[in-house]
Amino acid sequence: PAFRDVIDVPLVVRRLHKSRKEVREELGIGEDVKLVIFNFGGQPAGWKLQEHYLPSGWLCLVCGASQDQELPPNFIKLARDVYTPDIMIACDCMLGKIGYGTVSEALAYKLPFIFVRRDYFNEESFLRNMLEYYQGGVEMIRRDLLTGHWAPYLEHATTLRPCYDGSINGGEVAARILQDSVAGKNYVSDKLSGPRRLRDAIVLGYQLQRAPGRDISIPEWYINAQSELGLRTSVELKDGTALIQSSSTEDFEILHGDIQGLSDTMAFLKSLARLNAARDSGKTADLLQVRERKAAAKLFNWEEEIFVTRAPGRLDVMGGIADYSGSLVLQMPIREACHVAIQVTHPSKQRLWKHALARQEAKGQGRTPVLQIVSYGSELSNRSPTFDMDLSDFMDGENPISYAAAREYFAKDSTQRWAAYIAGTILVLMAELGVRFENGISMLVSSAVPEGKGVSSSASVEVASMSAIAAAHGITISPRDLALLCQKVENHIVGAPCGVMDQMASSCGEANKLLVMLCQPAEVLGLVDIPGHIRFWGIDSGIRHSIGGADYGSVRIGAFMGRKMIKTIAASMLPQSSDADYVHPSDLEDDGVELFEAESSLDYLCNLSPHRYEALYAKMIPETIHGDEFLEKYADHCDSVTVIDPKRSYGVQAPARHPIYENFRVHAFKALLTSIVSDEQLSALGELLYQCHYSYSACGLGSDATDRLVRLVQEMHHGKKDNQEDGTLYGAKITGGGSGGTVCVIGRNSLKSSQQIIEIQKRYERATGYLPFVFEGSSPGAGKFGYLKIRRRSSVN
């Protein structure tokens, strides 16, 4: 009567993980033994269970018993974290207190329920009626429970035949109703309407939980729905499938792992289940997408196990191009991620495409291991959707081929260079860990991380691919080591001189937290919670970013040139140096000598403090230097992944200055995140982002498009001073390798801020004709996700 709107849903029931036979085998209990589960949600103190309570041939499984409680031999104490539904399915009846959860699961699993009434419990009459209607309940009076007069009730229960055959997916139905309500799909302007009140209640609930210092993971659908204008209520995958879908995974048995409620993972599993439908090309106008689906449909043997991994992209909050100079960096894994499905098969059973099979037959050596890859989204980047190779191509006699040879191998065909990011992980595992692959490998790669937008699409593909290969072959690699191995793929096989922060964020990150990493070379220092009042967005400029481009590489070379010059200057300052023209040896105190000694052997440019740089080195670093001039004077810049072009001029002063100051800015940013909540805190955080942005520009890594986005944020920032209490945007910066890509924005976590992001989208579109993609929300890294091991259910065709 308290509610104006009532929606009837099916029973809310937890799903089974194991069968009756499996549970009994684990417990060591045969089918000839009668089992009752004693389920009272924990026993009140003072209860004594006696051996004579049970008839001969019966055992009782006790839930929630305290650790120090002694039980008779015919009573078995279950672990406190035992998964009750699995135990219920193994039993012949249940004895417990009446309640919604016990009744719904007893009916769902047709388990006779001996219940004890609960005084003043309003739900009891409805639950009793349901048990009686479906012939599944026996009431036990409280006196008989306490005195152990159980036998008549147990014997009666075994004669019952519960007959409930209704739906048991009420949890999914209710969750969808809640999501639709909070996302505004059932939105009604009338404040007294049920959908409006439900939505207000959900939003209020999350706002109440967002207290300072309280750790709470905000669901993606709630983040998406904060703007009533609908900034983005769902994401369309490349096959037209909405990211927010039913959580049903009934097409597959999940033998290992947990979906963790990730809607994109659910959608990926759904897409796997629908692969056979790709043969019907009439459903899709794009013929290339049909090619992808047809190739993918022939990849797997659906009766065998498939492994699935997931790795997100990342938003570079602070640190950016200072990672290769040893800076502290702060990275947030984004919601968009790459999924990889992999199956390992004996060569004789591998399902090969016709051309791969013909190539094998032409060799006349029988079937040998083949790598087959299908990558969705090829139509967006003008590349082939498939790649295959004989794994023997990675071998030179008994040893793996060199990285240089692999780079040349993948560079032969521009439409298949993308495969280096995926197949390269196999070669790195062979070369670095000594792994040998004797079976065929089939892989499906589906990435929702947009390419060329500066959010580490390449790192997510590498991390998801290597995670999948390791899982399928039983190879255990820590998330940190996996990230380092993936960096080798990009540096040595792809040939992109990136640092390691991208792979680390994708592998080691956690949802709604910033990964804190010291890049010397790759030490994860921990995770920092994003305070509830702060929110980050990424806005894509529409200008394609590539760390393989000349600008990024030349700035990196300039930074290493600067480090070499600083080391040389510092060495000349030491007393034993004959070139000590800058500071007379007698003027140096002992501490000064130690500082110059440290700086003369500077491993990472970021270990030089800004004040030392300004006081002693800044004026001695040239703005630019020609490659041949530098090589003649310094011989080498000591960077293993870049090569100096003698004919080219390089900027040095700005590329060397940036990481020194950026490292300081990152430390300040991290400290401010945990300071007192205030406008001053947000203003200071935003100022650090602005400073970083202009430092990028000084290095030559800016762009007109990203500058425009930052200016739009500044207009919002400075134009809303009259109403700061509603929140606004406080700062922005270009991210990653620069020269286009995505801008990171920081603001107050409020509806007002989301509306300002929408306004920036609209203004940018009016000025450029391009509606920018907005990254919002976060998700777990590959290490936190682990892997799924799945198998298609036999009933699915």
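Small disclaimer: the values here were computed from a predicted structure and weren't measured. (Residues numbered from 1 in each chain as written. Predicted model: local features only at pLDDT ≥ 70, side-chain atom pairs only at ≥ 80, totals over all residues. Heavy atoms only, no water.)

Participant: When you look at the overall build of the chain in this model, what are you seeing that I'm missing?
Facilitator: Broken down by element type, the chain carries 26 helices and 23 strands. Per-residue burial for the chain yields a buried fraction of 53% across its 797 residues. With an accessible surface of roughly 35300 Å², the chain has 49% of that area assigned to carbon and sulfur atoms. (Helix = DSSP H or I, 4+ residues; strand = E, 2+ residues; numbered from the N terminus. Buried < 20%, exposed > 50% of the residue type's maximum accessible area, 1.4 Å probe, protein only. Areas by Shrake-Rupley, 256 points an atom, 1.4 Å probe, with all protein chains shown as cover.)

Participant: What is the right way to look at the packing of helix H16 (residues 479-494) against helix H17 (residues 501-508) in this model?
Facilitator: Two numbers describe how H16 lies on H17: the axes approach to 8 Å, and their chain directions differ by 140°. Regarding the angle of H16 to H17, the classification is oblique. In terms of crossing hand, the pair formed by H16 and H17 is right-handed. Where H16 approaches H17, its residues Pro479, Arg480, Leu482, Ala483, Leu484, Cys486, Gln487 and Glu490 are matched on the opposing element by Gln503, Met504, Ser507 and Cys508. By residue class, the composition of the contact of H16 with H17 is seven nonpolar, three polar and two charged. (Axes fitted to C-alpha atoms, helices over the stretch in contact; angles between N-to-C directions. Parallel < 35°, antiparallel > 145°, perpendicular 65-115°, else oblique. Left-handed = near helix turned anticlockwise from the far one by under 90°. Contact = heavy atoms within 4.5 Å. Nonpolar A, V, L, I, M, F, W, Y, C, P; charged D, E, K, R; others polar.)

Participant: Explain the pattern of salt bridges to me, please; I cannot follow it from the model alone.
Facilitator: Evaluation of the coordinates by the stated rule reveals 33 salt bridges. For the salt bridge of Arg14 with Glu105, the shortest nitrogen-to-oxygen distance reads 2.7 Å. Of the two residues, Arg14 sits in the segment before helix H1 (20-27) while Glu105 sits in helix H3 (residues 100-108), which places them 91 residues apart along the sequence. Ionic pairing is found between Glu253 and Arg791, a salt bridge with its closest N-O pair at 3.8 Å. Of this pair, Glu253 sits in strand E7 (residues 252-256) while Arg791 sits in strand E23 (residues 788-792), and the two are 538 residues apart along the sequence. Residue Arg791 is classed as partly exposed on the basis of its relative accessible area of 27%. Via salt bridges that share partners, Arg20, Arg24, Glu31 and Asp92 belong to a single interconnected network. (Salt bridge = Lys/Arg side-chain N within 4 Å of Asp/Glu carboxyl O.)

Participant: Help me out: how do you make sense of the pairing of strand E2 (residues 58-62) in this one?
Facilitator: Within a regular strand, side chains alternate between the sheet's two faces. Counting buried positions along E2 yields five of five residues, so the element is predominantly enclosed. Side chains of E2 alternate between two faces, with Trp58, Cys60 and Val62 and Leu59 and Leu61 buried alike. Sheet topology note: the strand E1 (residues 34-39)/E2 ladder contains five bridges and is parallel. Across the sheet, Lys34 pairs through a bridge with Trp58, a residue of E2. Pairing between E2 and strand E3 (residues 75-77): three bridges, direction parallel. Among the inter-strand pairings, Cys60 is bridged to a residue of E3, identified as Phe75. (Pairing = 2+ DSSP bridges.)

Participant: Explain H17 to me, please; I cannot follow it from the model alone.
Facilitator: Three- or four-residue spacings in an α-helix give side chains the same orientation, since the helix completes a turn every 3.6 residues. Across the eight residues that make up H17, a large majority, eight, are buried. For H17, the full list of buried residues reads Met501, Asp502, Gln503, Met504, Ala505, Ser506, Ser507 and Cys508.

Participant: Can you walk me through the packing of aromatic side chains in this structure?
Facilitator: Note on aromatic pairs: each is described by the distance of the centres and the angle between the planes. Overall, the coordinates contain 19 aromatic pairs when judged by the stated rule. Aromatic ring contacts, followed pair by pair, group Phe38, Phe40, Tyr53, Phe75 and Trp150 into a single cluster. Over the ring of Phe596 we find Arg612; its NZ or CZ atom is 5.1 Å from the centre of that ring. The cationic tip of Arg792 hangs over the ring face of Trp302; the distance from NZ or CZ to the ring centre is 5.0 Å. (Phe/Tyr/Trp six-rings, centres within 6.5 Å; stacked < 30°, edge-to-face > 60°. Lys NZ or Arg CZ within 6 Å of the ring centre and 35° of its normal.)

Participant: What's the story with the pairing of strand E9 (residues 328-345) in this structure? I'm lost.
Facilitator: Across the 18 residues of E9, 17 count as buried, placing the element largely inside the fold. Two elements, strand E8 (residues 306-318) and E9, share 10 bridges in a ladder whose sense is antiparallel. Each residue of the ladder has a partner; that of Asp316, found in E9, is Gln331. The pairing of E9 with strand E15 (residues 513-518) spans four bridges and is antiparallel. Bridged to Leu330 within E15 is Val516. With eight bridges joining them, E9 and strand E14 (residues 440-447) adopt antiparallel strand pairing. Counterpart to Gln343 in the pairing with E14 is Ser442.

Participant: I would appreciate a short explanation of the confidence of the model for the chain in the present structure.
Facilitator: Close inspection of predicted coordinates is inappropriate in any region flagged by low pLDDT. Confidence in the prediction for the chain averages 85 pLDDT; 85% of positions are at 70 or higher. Across the chain, the secondary-structure element scoring lowest on mean pLDDT is helix H9 (residues 220-224), at 52, and the one scoring highest is helix H15 (residues 457-472), at 97. Segment residues 224-248: pLDDT under 50, and 75 contacts once partners within four positions in sequence are set aside and those in other chains are kept. When the criterion is pLDDT under 50, residues 277-288 qualifies, and its contacts beyond four places in sequence or with other chains add up to 14 contacts. (pLDDT = per-residue confidence, 0-100.)

Participant: I would appreciate a short explanation of helix H23 (residues 679-699) in the present structure.
Facilitator: With 21 residues, H23 ought to run about 30 Å at 1.5 Å a step, and its terminal C-alpha atoms sit 31 Å apart, in line with that. Three or more residues of H23 are buried, namely Gln681, Leu682, Leu685, Gly686, Leu688, Leu689, Tyr690, Cys692, His693, Ser695, Tyr696 and Cys699. (Expected span 1.5 Å × (residues − 1).)

Participant: Help me understand the sheet that holds E1, please; the structure alone is not making it clear to me.
Facilitator: The parallel open sheet is built from six strands, whose spatial order is E3-E2-E1-E4-E5-E6. Each end of this open sheet is capped by a strand with a single partner; those strands are E3 and strand E6 (137-139). Neighbour-to-neighbour, the strand axes of this sheet turn through a mean angle of 25°, independent of strand direction. Bridge analysis of E1 against strand E4 (residues 93-97) gives four bridges, and the strand direction is parallel. Residue pairing across strands places Ile37 opposite Met94, the latter belonging to E4.

Participant: I tried to follow the nonpolar core on my own but got confused; where do I start?
Facilitator: Proteins that are soluble and globular tend to have nonpolar side chains buried together. Leu371, Ile373, Phe387, Phe394, Ile426, Phe437 and Met443 are the most contacted members of the largest nonpolar core, which totals 46 residues. Beyond its immediate stretch of four places on either side in the chain, Phe387 contacts Trp353, Leu371, Gln372, Ile373, Tyr409, Phe410, Gln416, Trp418, Ala419 and Ala423. Ile566, Leu608, Ile644 and Cys699 belong to the second largest nonpolar core, which has 38 residues in total. (Core = buried A, V, L, I, M, F, W, Y, C linked by side-chain atoms within 4.5 Å.)

Participant: What should I look at first to understand the side chain of Lys453 in this one?
Facilitator: Inspection of the secondary structure assignment puts Lys453 in the loop between E14 and H15. For Lys453, a relative accessible area of 17% puts it in the buried group. Setting aside residues up to four positions removed in sequence, Lys453 forms contacts with Asp540, Gly741, Thr742, Tyr770 and Phe775.

Participant: Looking at this structure, how should I read the sheet that holds strand E22 (residues 774-775)?
Facilitator: Backbone-to-backbone hydrogen bonds pair the strands of a sheet. The strands run either parallel or antiparallel. Read across the sheet, four strands follow the order E20-E21-E17-E22 without closing on themselves; strand pairing throughout is antiparallel. Strand pairing shows two members of the sheet lacking a second neighbour, strand E20 (729-734) and E22, which therefore form its edges. In terms of strand pairing, strand E17 (residues 534-540) meets E22 through two bridges, oriented antiparallel. Bridging from a neighbouring strand, Gly538 pairs with Phe775 of E22. Contacts from helix H24 (residues 704-719) reach E17, E20 and strand E21 (742-748) within the one sheet, and its direction differs from that of E20 by about 170°.

Participant: Whenever I open this one, the environment of Glu765 confuses me. Can you help?
Facilitator: The topology assignment puts Glu765 in helix H25 (residues 751-768). Setting aside residues no more than four positions away along its own chain, Glu765 makes contact with Tyr770 and Leu771.

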